[in-house]
Amino acid sequence: MRTTDGSFVLGLHRSGHARDLLEAAVDLGVTRLDTASNYLRHRSHEALKTTAGDLLPKFSVSTKVGFFPEGHSLDPARLRTAVEQAVKDLGREPDLVFLHNPEHSASDPGTLGPACAALADTAKAGLCRSWGVSTWDPRPLIGFDVPCPDVLMVRAGLLVGLDVLEAAETLATRWRPSQVWGMSPFGGSTAQEVWERFDPTVFLRGPASATKVQAALRSSYGLPRVDAVAVGTDNVDHLRELTEAVAYEVDENVVQEYRQLLKARQLP
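Let us look at the structure shown here. (Residues numbered from 1 in each chain as written. Predicted model: local features only at pLDDT ≥ 70, side-chain atom pairs only at ≥ 80, totals over all residues. Heavy atoms only, no water.)

1. Observations regarding the layout of surface pockets
In this approach a probe as big as a water molecule rolls over the atoms, and the regions it shows empty are the leftover space. Put simply, the largest pocket is a space of about 560 Å³. Together, 26 residues line the largest pocket, and His-13, Arg-14, Ser-184, Gly-188 and Gly-232 are the ones closest to its centre. In this structure, the second largest pocket spans a volume of roughly 260 Å³. If you go around the second largest pocket, you meet 15 residues; those closest to its centre are Ser-37, His-42, Phe-68, Ala-82 and Gln-85. (1 Å grid on protein atoms, 1.4 Å probe; cavity = no way out; pocket = protein on both sides within 12 Å on 5 of 7 lines; lining within 4 Å. Points joined across faces, edges and corners; volume = space filled by probe spheres on them.)

2. Brief notes about the sheet that holds strand β9 (residues 179–183)
Read around the barrel, 8 strands follow the order β1-β2-β3-β6-β7-β8-β9-β10 and close on themselves; strand pairing throughout is parallel. Neighbour to neighbour, the strand axes of the sheet diverge by 25° on average, direction disregarded. With 2 bridges connecting them, strand β1 (residues 7–11) and strand β2 (residues 32–34) associate as parallel partners. Considered in β2, the bridge of Gly-11 is made with Asp-34. In the packing of helix α4 (residues 76–90) onto the sheet, contacts are made with β3 (60–65) and β6 (96–100), and the angle to β3 comes to roughly 145°. (Pairing = 2+ DSSP bridges. Helix = DSSP H or I, 4+ residues; strand = E, 2+ residues; numbered from the N terminus. Axes fitted to C-alpha atoms, helices over the stretch in contact; angles between N-to-C directions. Contact = heavy atoms within 4.5 Å.)

3. A short note on the state of the cysteines
Taken as a whole, this structure holds 0 disulfides when the rule is applied. You can see Cys-128 has no disulfide; the closest cysteine sulfur is in Cys-116, sitting 13 Å from it. (Disulfide = S-S within 2.5 Å.)

4. Section: unusual backbone geometry
Pro-224 follows Leu-223 through a cis peptide bond whose omega is -5°. Mapped onto the secondary structure, Pro-224 falls in the loop between α8 (212–219) and β10 (228–232). Although it is not a glycine, His-17 sits at a positive phi angle of roughly 60°. Positionally, His-17 belongs in the loop between β1 and α1 (19–27). Positive phi outside glycine occurs at Asn-101, with the angle close to 45°. Here Asn-101 shows up in the loop between β6 and α5 (109–124).

Set out below in C-alpha cells:
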C-alpha cells in the first residue's frame, strides 16, 4: 500500500534555475529535482548543468520528453532522440524520464503503447534509470494499456476536480506504477484568491502552527494518495516553508469528508 511518506521534489517549471535556490535545496535535504526538455524555452537541461555545476551529482534528476519546439509528439524515434539529447545537455543520465502529457497526442489507441515502450527501452539501454508518465489530465488515458511505468505523475491537491482525481486513481490501478507523484498542489500559484478565502489548515490533525501554504501542500499528498509531490519556487524562504510542511499530519477523516462533499456536488 502506498504511503504519504512526505517526499518532496523541487520542480523547475517556473524556476530560473538559480544557484542560490539549488544550494538552499541541498542544505534543506531536498535531493530530487524535476524538470522537462521544454522548460525555460527548451534550455532547462543546459541551464541546470551550467548553474548547478558541482551540485548536480547531489540530486536525483527527473525530466520529461514529448514537447518539441514545433509541437507535441509521441513518435518513438523522436522520444528516444530527446532522451539521448537530455543526457548530452545534462552531462549525465537522468534518474527518471517521463512521457510528458501524452493526452495531447494520444487520440489513436495505437500511439501511447509504443511511446511508453520507447521510454522503457531507453531505461533498459542505460540512457536513464527509470521511466514514467506525467499527465495533466489523465481522463483521456484511462482506456489505454501500457507497460507498467516506474512512476505516474498526476495533479494533486485541493483544487483538483473529483473527475480528475478519480481518473488518476483509475490510471494508477490500471497501470500499476511503482510510485505515484503529485504536482501543482496550489493550482499554479499560492497567490491565487482562493488561498485568501479558504483555510486548508482544517485538513491537519490536532493543534498545529502550519501556514496555509504548508497545509495546502501537506493535504495534497492524499488527493489523490501520492508518494511524493513536485512543487516549484524561486524563493529560498518559500522553499524552506514548503519543506517544513511534511512534518505535519493530515486528518484522513477530513480528507474523506471533503471527497464526499465533492461527490455530492456532482449529483444531479
